[in-house]
Structure formats: structure tokens, C-alpha cells
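Descriptive structure summary
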Amino acid sequence: MLEQGYAEKVPTNEPTLEQGKVWYIPHHGVRHPTKGKLRVVFDCGCTYKGISLNSQLLQGPDFTNTLIGVLLRFREEPIAVMADINAMFHQVRVPYKHVNFLCFLWWPNGDATVEPEEYRMCVHLFGAVSSPSCSNYALRRTAEDNALQYSPDVLRTVKTNFYVDDCLKSTVTEEDAVKLIHGLTSLKRHLSKGSFHLQKWVTNNSNVFALIPSKIRAVGLENMDLDRDQLPVERALGMQWCVQGDTFSFRTAVQERPHTRRGILSVVSSLYDPLGFLSPFIIPAKLLLQELCRMNFKWDEPVRHDVSEHWSEWLSELQHMSGFKVERCIKPKNFGTQVKAELHHFSDASQTGYGTVSYLRLESTDNVHVSFITGKARVAPLKQLTIPRLELAAAVLAVRVNTMLLKELQLPLQRSFFWTDSTTVLKYIFNETKRFHTYVANRVSTIRESTDKDQWRYVNTKDNPADEASRGLRAQEFGKGKWLKGPDFLHLPPPGGRNSTWTPLPFHLMMQR
């Protein structure tokens, strides 16, 4: 850090520091278990006389894109590229008048046998609450100040395809990918001091990969022979991305934990699935945790034998999920010219849980393709609710997911459709004369504010994929049902033909049901 100019020794000829204008920060090293790198972390939350540096800093506006949004956009096109910024926080300098708030002690030349000396950081550091906002602003401002020198795609990528220092982008053609890489790597030329240097580039396309300079390729791929070697599995915002097959897989190796409420929660929480691919499989484990809570088990109290057996069975099934893979790209190869894109949301509830699942339905001139977008499964509240009310809660969840997807996806989407097998929910939505109880009225109001009545459709329970989210799935059943591929009727043109839309169930039939 000293050699790279991120920190400096406090000059001995500097005037005496003004009282109250200096702060010393404790620090420690954190070694990444897989990367083997040591990162210096400053404890900006450490207090002295009830005050910490973070308590005096303003967090600033949140310029960080949502993780789910970046992953969704990463799935949109066939050519995928990924990189990250080298030491992003350290590329943004702190104003000189503020550097004395970032003082720390260190031994000269790392010699712990002598007295430590005073140093200070000159850049934003890991651990400060303001660092993400300042660094993201500086990155965006760099692109905006030099907008005339970049293509609109480069500027859009900086604004929408970065999650802090990680860049995940998908493009339609190889030429677009190459132009994007050249544009992003040239950002560093427009900073007077320091640089946003993108490194560790990797892509699923061999032609694009061959054009990436070896010195900025991902670690271990610098001298890769594309004719003989296979591209590895990379981490894409925590997801396991098999670059060679262009699929997402899941890490199912978990640490052995005691069969207690705390141990079970630790294992369930360690399963990383931000897009909800595994939601029907994980929901039984969450229901087990809820049952332990209902039985008032202490955090470190061993569970009963029957519960322990149930948990061990679920853990054994978890190992079977290691071979589960999902296509990264939501568009198939040679799909043709896209003429229509629709979102279809399905919701369902049972006594134990409720959930929703969303699909993107693409139509070309002669093909239909349905892709899983996101899914959510939630346990029912401990306070028992009726099935119709849980169905209504699932419908509200579907509406909120739709709002999020419309904001995050960069696709020309047509109308969204909402499917439920609860005629009670449909009656709630279509009824404009009856006054409902507060619980129902609030949720119906949320639905009506964000959707139109004619966007809602009835689906038979046996065709509703969200049924698997509300009831759960075992590992042997996973992948065989409707959860990932959607109901069969979505893969066909609407009943009225390719140019028609999905016909709602007539209201008088809802009333009869």
C-alpha cells in the first residue's frame, strides 16, 4: 500500500495537528481462504469515548446496482464477459484536508522490533461507510466526463452492469463484446492519478477471449491454449459460472454443523441462490427451522431425534443437487428475430408456505421459448392465516417481483401476466363494490395500484408451477416438474393464435368456481 501510494508516512515537518482533526484507526489482515490474498481491513467502527469514524461519516447516496439486477442483465444475451476493477476503493483519493482522519500506526519496513510510526491513508479504504458511494460516483463521473470518447454501450455498462467493482455484461455479437472490452479498459487513461484498471477478464466465447491481452485475463488463464484447454468455473457475483458450458451450477458442499437450531440456520443461510432456482428445495429446511422456533428450542439445544433424522435426510439430498445446472443465457441459440417478450408470473400458497415464480416468454417468427427468471418461496407466518389470505400474499409478492423485473431487465417487454389458481384472489381483484377487511383491502390496493384487472388470469392447480414453491420439492423430484421450464401451455401460442393474447377466465365462471 505504501509502495503504490495508497498510504504515506505522516511528514515530520508538518504543522502540529489541530486538536480534534485527527483520528487513528485500528486495522487487521483478512486472508481469503481460496485466493490466498491478504487484505488490510480498517476498523472504522471502532469507538473511542463513544465515537467512531463511521458514526461521523455520511454514507452518501446509494449508487450500487442491485445484485439481482446485474445477474439478470448478465443472462440476457449469448456472449458473456466478466471482469473486476483492481483495488477500486484505492483508486479514489481523499481530499488532503481529510487525510489526517485516516491515520494508523505501522512499523517502518514491517519491522515489529522497533517503535511503530504514524502513517495515513490517502485514498478511500475498506471499512469506511462512505467508500462505496464515493468510489461508485467517481467511476460514473469518469465515464460521464469523457462521454464523447466512448460509445453509448460503454457508458450504459458503467451505469448498469457493475456491482461495486465487478463487471458482468452480455452482448449480442462478438464485435460488440470486443468493442466493449476496449472501451472499458481505456477508462484508466482519463484519470490524472490512479486508475480504474479492469483485470481478470473472462468470456464464454473463444474468439473474444483470444483478443484479450494475456496480462489482463483472469488468474490462471494468462497462457491458456484455447485449442486444448477448457475454460474453468468462475465465480460470478457468488454464482458458480461454468464458462465452458455457459451454465450456472451450485456449491452444495457445506460445513458440518451440530444439529441445533443455530447449526441448521447456519447451513441453510450458507446456500447462495439469489435468483431462487433452488427455492422449492430449500423451503422444507426453512419449514424445519420454523417448527423448531414454534417448539421453543434454544439456539444451542440439540434437537429431537426425529427432527435430527429429518435434517440428516435433507442434507443427504443436498449432495444430489451438486450436478444441477441452469443455462446462463435466457435466449436459445439460433432463435431467430424476436417479435414478442412477455413476463408471466405464477403465485400459489398452502398451509405451510407461499411463493411465486416468473418466466420470460419469447416469441420469434416461428419459435417460442420460455426461460426461468426468478422464484421466491416463503414460509407461512407463525400466526396462522387462512389459505385465501396466503394466496393474496403470494399475489402481492408476484406484483412486487414484476415491478422489480420491469426496472432491471433491459429488454423490450410487452405486457406482464399474472396467474393464480385461487378464484378468491381473482374475486378480490375484480370486485369494486364490496368493502374488505383491512388485511385484504391493503393487499388488493397494492395489486390494483401496480396492475390492471385484465392482466390477471386463472390457472389450474396442476398447471401452476408456483405450487412447487409453496409445498417444496425433494432432490429426486427437482428438475422433473414445472418449476424450471414452466407450464406446457406457455410453450404454445395463445389459444387465439400467435397474434392474440391470453384470454382471461370470464368473471361469471370465476364466481361459479
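Our structure is the block above this text.
Residues numbered from 1 in each chain as written. Predicted model: local features only at pLDDT ≥ 70, side-chain atom pairs only at ≥ 80, totals over all residues. Heavy atoms only, no water.

Considerations on the overall build of the chain
Helices and strands together make up the secondary structure of the chain, namely 14 helices and 18 strands. By residue count, 47% of the 513 residues in the chain fall in the buried class. With an accessible surface of roughly 26500 Å², the chain has 51% of that area assigned to carbon and sulfur atoms. Charged side chains in the chain number 62 positive and 53 negative. The centres of these two groups are separated by 5 Å. (Helix = DSSP H or I, 4+ residues; strand = E, 2+ residues; numbered from the N terminus. Buried < 20%, exposed > 50% of the residue type's maximum accessible area, 1.4 Å probe, protein only. Areas by Shrake-Rupley, 256 points an atom, 1.4 Å probe, with all protein chains shown as cover. Lys, Arg positive; Asp, Glu negative; His and termini not counted. Charge placed at Lys NZ, Arg CZ, Asp CG, Glu CD.)

A closer look at the nonpolar core
Looking at soluble globular proteins, one finds that nonpolar side chains tend to be buried together. Core analysis: the largest hydrophobic core is formed by 99 residues, its most contacted members being Leu184, Trp201, Trp241 and Trp311. The element contributing the most residues to this core is helix α8 (residues 279-294), with 8 residues. Contacts of Leu184, omitting those with residues within four sequence positions, involve Val154, Thr157, Val158, Phe162, Cys167, Leu198 and Trp201. Counting 24 residues, the second-largest nonpolar core is a separate cluster that includes Ala349, Ala393, Val399 and Leu426. (Core = buried A, V, L, I, M, F, W, Y, C linked by side-chain atoms within 4.5 Å. Contact = heavy atoms within 4.5 Å.)

Observations concerning the layout of surface pockets
Volume-wise, the largest pocket comes out at about 1500 Å³. Lining the largest pocket we find 37 residues, and of these Lys35, Lys37, Arg39, Asp84 and Lys200 sit closest to its centre. Breaking the lining of the largest pocket down by element, the ones donating at least two residues are β2 (27-31), β3 (38-42), β4 (79-85), β8 (166-171), β9 (198-203) and β10 (233-236). In terms of residue class, the lining of the largest pocket is built from 20 nonpolar, 7 polar and 10 charged. Counted as a void, the second largest pocket has a volume near 620 Å³. What lines the second largest pocket is a set of 27 residues, and nearest its centre among them are Trp23, Leu53, Leu57, Phe101 and Leu102. Those elements that provide at least two residues to the lining of the second largest pocket are α1 (53-56) and α3 (131-145). Taken together, the residues of the lining of the second largest pocket break down into 18 nonpolar, 9 polar and no charged. (1 Å grid on protein atoms, 1.4 Å probe; cavity = no way out; pocket = protein on both sides within 12 Å on 5 of 7 lines; lining within 4 Å. Points joined across faces, edges and corners; volume = space filled by probe spheres on them. Nonpolar A, V, L, I, M, F, W, Y, C, P; charged D, E, K, R; others polar.)

Considering the pattern of salt bridges
Within this structure, the stated rule accounts for 21 salt bridges. Note that Arg474 and Glu313 form a salt bridge whose closest N and O atoms lie 2.5 Å from each other. In this pair, Arg474 is assigned in the loop between α13 (467-471) and α14 (507-512) and Glu313 in helix α9 (residues 305-320), connecting sequence segments 161 residues apart. What makes Arg474 partly exposed here is its relative accessible area of 38%. Glu313 sits in the partly exposed class, given a relative accessible area of 36%. The partner of Arg415 in a salt bridge is Asp454, with the nearest N and O atoms 3.1 Å apart. Residue Arg415 is found in the loop between α10 (387-408) and β17 (416-420), and its partner Asp454 is found in the loop between α12 (438-450) and β18 (456-458); the two are separated by 39 residues along the sequence. We classify Arg415 as partly exposed; its relative accessible area is 36%. According to the relative accessible area criterion, Asp454 is partly exposed, its value standing at 39%. Within this structure, Asp153, Arg156 and Lys169 form a network of salt bridges that share partners. (Salt bridge = Lys/Arg side-chain N within 4 Å of Asp/Glu carboxyl O.)

Describing a nonpolar patch on the surface
On the surface, Leu2, Trp106, Trp107 and Val114 cluster together to form a nonpolar patch covering roughly 330 Å² of accessible area. The partly exposed category is assigned to Val114, whose relative accessible area is 35%. (Patch = residues over 30% accessible without salt bridge, like charges linked within 9 Å, V, L, I, M, F, W, Y side chains within 5 Å.)

Regarding the environment of Thr64
Its location among the elements puts Thr64 in the loop between α1 and α2 (67-74). Placed 98 residues apart in sequence, Thr64 and Phe162 show a C-alpha to C-alpha distance of 7.8 Å. What Thr64 contacts, discounting residues up to four positions off in sequence, is Asn136, Tyr163 and Val164. A distance of 3.3 Å separates a polar atom in the side chain of Thr64 from a polar atom in the side chain of Asn136. (Polar contact = N/O pair within 3.5 Å; in protein donor to acceptor, adjacent residues only side chain to side chain.)

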